[in-house]
Structure formats: structure tokens, C-alpha cells
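Fold and contact review
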Amino acid sequence: MSDLTHLTIAEAEAGLDKGNFTSVELTKAHLDAMSKRKDLNAYITETPDQALRMAADSDKRRASKQAGLLEGIPLAIKDLFCTEGVQTTAGSHILEGFKPPYESTVTTNLWKQGAVMLGKANLDEFAMGSSNMTSHYGAVKNPWKRSGDAKDLVPGGSSGGSAAAVAACIAMGATGTDTGGSIRQPAAFCGIVGIKPTYGRCSRFGIVAFASSLDQAGPMTRTVKDAAIMLKAMAGHDPKDSTSTPGPTPDFTKAVGQSIKGLRVGVPVEYKPDGLSSEIMAAWDKGLAWLKEAGAEVVEVSLPHTKYALATYYIVAPAEASSNLARYDGVRFGLRVPGNSLDEMYMKTRAEGFGREVRRRILIGTYVLSAGYYDAYYAKAQKLRTLIANDFKQAFQKADVLLTPTAPTPAFAIGENLDDPITMYLNDVFTIPTSLAGLPGLSLPVGLSADGLPLGLQLIGRPFDEETVFKTAAVMEQAASFKRWEAC
Amino acid sequence: MAYLIEGETGPWEIVVGLEVHAQVVSNAKLFSGAATAFGADPNSQVSFVDAALPGMLPVINEMCVEQAVRTGLGLKAKINLESVFARKNYFYADLPQGYQISQYEKPLVGEGQVIVDLPDGRSTVVGIERLHVEQDAGKSMHDQHPSKSCIDLNRSGVALMEIVSKPDIRSPDEAGAYLRKLRSILRYLGTCDGNMEEGSMRADVNVSVRKSGEAYRTRCEIKNVNSVRFVMQSIEVEAKRQIDVYESGGTVDQETRLFDPGKGETRSMRSKEHAHDYRYFPDPDLLPLKLKPDFVARIKDTLPELPDEKKDRFVRDYGLSPYDAGVLVVDRASADFFETVAKGRDSKLAANWVMGDFFGALNSTGKTIETSPVSAKNLGELIDLISDGTLSGRLAKDVFALMVETSKAPSVLVEEKGLKQVTDTGAIEAVIDQVMAANADKVAEYRSGKDKLFGFFVGQVMKASQGKANPGVVNDLLKSKLAG
């Protein structure tokens, strides 16, 4: 029954409904596949017993006609989501062995809709990274390889474990979180669909915080429709998160399959920097051609403050992170390294518990918030953030949705770029402005590079207009007919 | 009269500003649903949010905001319809998040004022700089284990109001009076119980000294002083220290100090070089707090009559002296008590009884108005018995003492003990006759011009009647009888 792992979520729901197979069978198929792809290191913690229990419960619910949106669907959960009684590490040594006595709102929503948890997916430590190389639990491998080259590639980051699991068919879908591109970039690298919804769409309650004003959960799936189904299940107002948006969640699946005739698709001129790979340019042009063919109109838009986005992000995100990570002090949970005084215990615990990248960002964040530097860095970054958001507002006067590349390159090899944090940070150059503006951004695979690696394009929508994004993405998906099973 | 400290180089003026931390009266914490009761078992009132577990988020408690707005209105202060919560970052074992959620640049409440009544009868105004809302930290306990410290997070996340005065205070007395007045206002409003022993009100004291007419000099902050008396003492001690430093040619460094009431000294806690850099920034987990004008208006409509207004009314309606009125309005319970006693009665007599015998009895029995053995109704009844002549002032005091002892109504006591004043002229005449017969020599002396003996006769008659004779009647009858 190994082809059970080769279904989309929508197909699996239909099969389960018809009684072609049960959730227990579907789940077992995935657990088998997981055991065969341990090499990917996509999971930090596997939860087979819990998965089978949840699947059996799901089969009972389906039998009594109580099926939810994701009834019986096995998912990978990024290990940044707190899961009750199941180790939650955030990819960090400092949280090793931490079993939260509570469940995140997003995962609670998923379980309410019948989903099954296969395990906790690997990620960059505290979601800081674009390659999944910073995880304390080891790098994740991209299931894709360059044609004729055995070298292991990165899956992207920080939701690299999630992306690899979905691409390799060892999960039907996965949760990700995106702070500056952590869903979209790995989705692009692994040839899957990933959407960071509008900030406030999904509750952040129970998600280990990186940069609170940017963090947003979203689904990672193999198809646009699956992403729409899964986002519907994850999203919704949560009184436990003050930044969660009140109001009902639309049925995103209805947007999938709708016509885009007359839709204005914006192309930001600033997103064509010198040296952008010709392959990426070609993929972008191809995407635009498909949309035109489907009746859309392509317009040029300008996002003049784009050049400041990366710098702005690398002030705001570390600033918030430096504060959010202060609670990892060895006092109440997680790692404690003894010291002769309170300060020494703090220092030893944090030095041992946090990896290099996390420490680097804590230092940057501490610096930019320090007395005497606040105005020069943080306050200025906040102003730029407003200007960047205003750029998008202007652009959305002319366009209904924007199309851009997701990442400047396809996946790179493990070890490449590692010694150069700035180059690494540049990976998020197309995704970060959207994050700063809080807008929805979806990455979908549109083709392969010359050496056979997935290339992704990003669709950016107005705030809370994920429907237009899904509608447009579905049209492109159909035109691209991407080889989504290649990595399974 | 300015309060000045005489130094070797002449008089110095002191300049004081107070930052008062007042715990908000609320059933739940500022950002979590956990309870706030005092004295609960350690760590029994802690939510995952208060313990800052990963992924936990703060959600503002509307009741705490309402209480802070109510306080702001009580301090005649500007309510800011938009305020911002900021993170104050520092590491401490009992600060679980590694930061305190407070307000910084945009507090909930802006400038206001407090009228302060001084012991010498003067009033002065102390400006309020701001009031902001913040969460309390937990408590480190160092005495539970020989080598380890324990943390109690029950207080963690409890809502505090930090009420910052302008540097308008010029003497220890003013500081004490300001604190007492502030406490009185908070208690009237029901927004803080003002209990300094339980730590629900604490003060940081900023002290500097200067020569008259000078600009402000460097100030030192004395942290966490927990009684009115200690605040007053610490100001005096710190001001003298600073004067000594200046007069011996030194400079005062801006620093944080601790007051040791046992040794009567302040000592350095941390200097400016070691001062924390709190790295304030707006808390990204919380949106700016926006209030609707009608929310504020609704709270304003429910404000009680505050001590200043009550005092004015007592002076106006009851004809009390400002001092008496001021004493009675310090807390709501005594003001209410007085009003019940005074209703329909001689208000000055009522005030005298409440402030005299009644307060005295509370003091000596250690009781409060709430637990008082003498109810306002019974004290009123006692005054009625005086007014209608049933009791003499002297008898009334005896009856009152019995009321304190037994909690009984005065009418009952009068009946039981037969303490009724005797106004029957026949009975009194008989006593007078007795007394005159027994003191024939004194009667003769009186009649030969020794008027002063009149008092002696009154005393004898009262004594013989066991104090029950109506003194007015005794006077009248004695005069005519002695006249012969």
C-alpha cells in the first residue's frame, strides 16, 4: 500500500470517505515510509504510538460521520509548536527533554479537525536559519539532488524538516512557521507549496517565539488545494493571542479553481537585482506567461524601500528574539548548567544551551536595543518597516496580487554558505519584505533548474486576502504540472 | 515654613519625588487568569503565562485597566486613550520572562495632582507625573534550604500601578502626608488596599538636596521602602548624607541605594556604571492599548466622593473645622461612620465623640471600624440620650465604656445599671438638704462671702447622687438653697 503516501490530502480524504482505506492504514504507510527515510533527519521526535492511536480514533469518528476537515490525515508538526506531553525542542539543546503540559492553539485546531501527528519535524534552532544547519539535532537533507550529483543539499529553513517530510512523502502535510521566509524558502527548495498567511490569521499561542511581531504559522503541502484545506483547519481567532485577528476564517478551498480573468498581477521592479540567476528570471517570466494566458493582466509595481528590508529585518527580528529568548535561563525548565552564582548559572546554561546562530542574533538584538543605540537602529528600523508596508499598500492600488521569485537560488549543498552569515541572510531577500508588512505570501514550485532542482515562485496578497493568492496559485499549479512525486 | 536642614555651610533644602508601586485590587493577574490572593501557598497561583513557559502569551485583563483608569481619574489626571506596553529587559531569578511588561514612553495615565494636608494645618499640592501599569515579579526565598534559593511565582504577573510624583515634596512630613493621602485616595477608589505590610504598596524614594534657589542637584533613589515611617526616616538620613558629602567637598553620584532602618543609614546598591540597561521596546505580543472615551466616561460616572470633596462637604454641611473634617475623611469607613452618627444630631457633638472616645476606644482595643464593638447606630443613640438630658456628660462616658465592653445599646445599659440622670427636683432637693446639713460650717462660710465653696457643694451633691443628678438642676437648686 505504499502509494498511500503518494496521495494529496484531498485525494486521501476522498479515499477515506469511500472506505478505500482507513486512517490507520494511511498512517501506517507513512510510519513505514518514515522508517525508510531516516537519512533525511526530517523528524526530531517520531510519535508512532500516538499516531496510530489518533488514527484509530479518527477512523471511529469517520464511522460515526463526524469527520473534520483533516480527518485521519497524518501530518508532521514543526518542533516549534508545543505539543502536550510530547518533547518540544525548538531545535535547541536548551529545551531538550521539555514536554509542555499544554498544546499550541494551531495544533489543537488541527487535532479538532481530525489530523494525526506523525512526529515533530526538525528545524533551525529557534527557527533561526535558512538552511536547517543550525538545528542541535543535526542537519536535514533535502530529498532532492542535483542531477548526476550525489552531494546532499539543504532543504532550506527554518521549516526544513517540515518541507523535506512533505516532499519525501513521509507526511501528507506539515505545519511550518515563517518569520522572514521560513515556510516559503524551504517550500521552494523542496518543491512543495507553503503559505505564510496574513499576520494574525493563525494564533501564535503555544508556538515557541522567535520574533513575535513577525512569526506566523502556516501549512506546507504538496498542492495548493491541500494548503487551502490545511490553513482553514489551522486558522481562526484565538483569545489567548492578543495579536490574533477576530472574525471568521474564509473557506480558502473555494478559491481554488476560480477564474483569474481580469486579475492584475504586479511585478515589483526592485525584485530584479543585477545578478539574479537567469534560471529564476526565466521561471518568473514563465509564471507571468501562464497568468496572462489565464486572462490576468501584468502590471509593473514599485516597492522603493525594498533595499532596506533585509537590514530592517535583521534589526527587528533579533531585537525581539533577544528578549523572547531571555526566559531560557535554566531556572524553570529545560537545560540547567550549574554555576557558583546565579549569574554564572545563567551564563553557563545559555552558552551551552544556545548554538552559534542563536547567540549571534541575541547579541545583535541586545546591541540594537541598548541605550544609545536604540534610536540609531531599532527606532529607525520601525520607521522603515512602516515605509515598507506603505510600499505594498501603494502597489496594491495597481495590482491585486504580486508575483516574485521565492529565493534567489535553488537549494544549495550542505556546508555551502555556512561560513558567511550575510550570504545566508540574503536567501530571504524576497520573502522578508512581505513578513515585515504582515502580508500573506505563498510559494509554489513552478519547474526545475537546469540541474534538476525545484524552483519556486512567490505570490503576495493584500492583508487577509489569502483567497486571491490561492486562486492565482491554483492556476499556476495547473499550468506548471510540477513533478511533485519526484522526491518521494 | 520651609523645612531646611542646617549644614556647616548654611541651610539646605531637600527635594523629593516618590515612585509608589500600588498593587491593583483585582481577582486575576494583569496578563493571565491566575488568582492574586495574598498568603496562598507558594506557587499555587501561577499560570503557564506567569511562569513564562515557551509559547505563552500575555492577554490584558480589562479589570486591571479599569482600576488603573479609575485611579487616574481619582488623581485628577489625564487618561491617555492610547498607551503602549513595553518590555523592560533584565535577568533575575524571580523574573520568569527575563523581562517585565511595563509601560514606558506612553503610559496609561498622564499628569495629575494630589492635595496634601500637612500636620501644621497647611495644604500643598504634589504633582503626579504619570501612572503606568506593569506586572510584578515573583519572590526569591533564600531561607528554605541551606544552599539553594527557592522561587515563589505567586506574585509574578500581579498588576501594579506605578504612580510617579513630580519632585514637589520638600520635607519628610510632606512625603509622609503625600503617602497617606495617596493611600487614602486609593482605598476610597477601591483600586489598591494600600497595605504596606503585605507589600501591596511600596515606594521608591528619590532624594536630592540643594541650596535655596538652585536648580536640582543629583538625586539618589532609595529602593523599596515599605512603610510611611521608613520613607520619612530614609529621606532625612539620605539628605543628611548628601549634605555631608557636599560639605566635605565631594560629589553625589546618581545611584540606587537601600535604606537600613536598623542602622538608620542608606547604602549603595548599584552605581550608575552598574545600572541596568533595560533595553525597553514595545511588547510585540500586545497591541497598543486603545480606550474608548465612553469607557473612561463610564468609570468617571462611578467614582465615589473622594476625601478632598468629602472634607469640603463636612466643613460646609456639618460646620466642622477643616482639621476635624480632614481627620474624619482619611478613610471612607470613618467618614461613613461619622455621617451615620451625625445624621439628625448635633454634628459637632457627633464629631467630638467619634474623634475622641470612639477613636480612642478603637486604638486601645486594637479594633477597626469594621470590627468595632460600638456601632454608629449605638453611638448616635448615646448622643440622643445626652441631648434629651437622660445622661449627663459624665454618665455618658461611663455608658460608653460599658458599650465598648459589652457591645450593648446605651438604652439597654442605662436601664440595666440604673444610670439614668436624675432630674426630679424633689429628689435632688433632698440630697442637697442632706449635704448642707452635713456641712453646716461650710454653709456658713459660703454665706459669709466665700463663693468659691460653690464648687465643693456641687461635687458633694453629685457624689451623693452617684453622678446621676442633672448638673443643671443641681446648680439652680444649690444657688437658691445656699442663698438661704
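Here we summarise the structure given alongside this text. (Residues numbered from 1 in each chain as written. Chains lettered and ligands numbered in written order. Predicted model: local features only at pLDDT ≥ 70, side-chain atom pairs only at ≥ 80, totals over all residues. Heavy atoms only, no water.)

Broken down by element type, chain B carries 15 helices and 16 strands. Computed over its C-alpha atoms, the radius of gyration of chain B comes to 30 Å, more than 25% above the 23 Å expected for a compact globule of 484 residues. Taken along the three principal axes of its C-alpha coordinates, chain B extends 95 × 55 × 55 Å. Buried residues in chain B amount to 55% of all 484 residues. Contacts in chain B between residues at least 24 apart in sequence constitute 68% of all its contacts with a sequence separation of at least 6. For chain B, the distance from the average position of its 60 positive side-chain charges to the average position of its 69 negative side-chain charges is 1 Å. (Helix = DSSP H or I, 4+ residues; strand = E, 2+ residues; numbered from the N terminus. Rg over C-alpha atoms; globule rule 2.2 N^0.38 Å. Buried < 20%, exposed > 50% of the residue type's maximum accessible area, 1.4 Å probe, protein only. Contact = heavy atoms within 4.5 Å. Lys, Arg positive; Asp, Glu negative; His and termini not counted. Charge placed at Lys NZ, Arg CZ, Asp CG, Glu CD.)

Residues and elements named next belong to chain A. One open sheet accounts for 11 strands, arranged S1-S3-S2-S4-S6-S5-S10-S11-S9-S7-S8; its pairing is mixed. Of all the strands in the sheet, just strand S1 (43-46) and strand S8 (297-301) have a single pairing partner and so form its edges. Averaged over all neighbouring strand pairs, the angle between strand axes comes to 30 degrees, with direction disregarded. Where strand S5 (residues 193-196) lies against strand S10 (residues 441-448), three bridges are found, and the strand directions are antiparallel. Counted as the bridge partner of Lys-196 is Gly-441 from S10. Its contacts with the sheet place helix H2 (residues 23-36) against S1, strand S2 (74-78) and strand S3 (116-121), and it is angled at close to 20 degrees to S3. This element, helix H12 (residues 375-398), spans strand S7 (264-268), S8, strand S9 (401-405) and strand S11 (454-461) of the sheet and lies at about 150 degrees to S8. (Pairing = 2+ DSSP bridges. Axes fitted to C-alpha atoms, helices over the stretch in contact; angles between N-to-C directions.)

So, about the state of the cysteines. Two cysteines, two sulfur atoms, one covalent bond between them: this is a disulfide. Residue and element names in this part refer to chain A. Using the criterion set out here, one finds one disulfide over all chains in the structure. Paired through a disulfide, Cys-169 and Cys-488 show a sulfur-sulfur distance of 1.8 Å. Given an S-S torsion of about 50 degrees, the disulfide between Cys-169 and Cys-488 has right-handed geometry. With a gap of 319 residues between them, Cys-169 in the loop between helix H5 (160-167) and strand S4 (173-178) and Cys-488 in the segment after helix H15 (466-480) connect regions that are remote in the sequence. Look at Cys-488 and you get partly exposed, because its relative accessible area is 31%. No disulfide involves Cys-190; its nearest neighbouring cysteine sulfur is the one of Cys-488, lying 11 Å away. For Cys-190, a relative accessible area of 0% corresponds to the buried category. (Disulfide = S-S within 2.5 Å.)

Residue and element names in this part refer to chain A. Note that the residue after Gly-157, namely Ser-158, is joined by a cis bond; omega there is 5 degrees. For Ser-158, the position within the fold is in the loop between S3 and H5. Its identity as a non-glycine residue notwithstanding, Cys-169 has a phi of 60 degrees, on the positive side.

A word on the packing of aromatic side chains. Residues and elements named next belong to chain A. Summed over the entire model, instances satisfying the criterion amount to 31 aromatic pairs over all chains. Pairing Phe-98 with Phe-333 gives two aromatic rings, centres 5.5 Å apart and planes at 40 degrees, and the pair type is tilted. Residue Phe-98 is found in the loop between S2 and helix H4 (105-112), and its partner Phe-333 is found in the loop between helix H9 (309-324) and helix H10 (342-353); the two are separated by 235 residues along the sequence. Among the residues examined, Phe-98 registers a relative accessible area of 8% and is labelled buried. Both rings, one in Phe-252 and one in Phe-470, keep their centres 5.6 Å apart while their planes meet at 45 degrees; by these two values the pair is tilted. Of this pair, Phe-252 sits in the loop between helix H7 (224-234) and S7 while Phe-470 is found in helix H15, placing the two residues 218 residues apart along the sequence. Exposure remark for Phe-252: the relative accessible area of 0% places this residue in the buried category. Among the aromatic residues, ring-to-ring pairing joins Phe-98, Phe-126, Tyr-328, Phe-333 and Phe-354 into one connected group. The ring of Trp-284 carries the charged tip of Lys-272 above its face, separated from the ring centre by 5.5 Å. (Phe/Tyr/Trp six-rings, centres within 6.5 Å; stacked < 30°, edge-to-face > 60°. Lys NZ or Arg CZ within 6 Å of the ring centre and 35° of its normal.)

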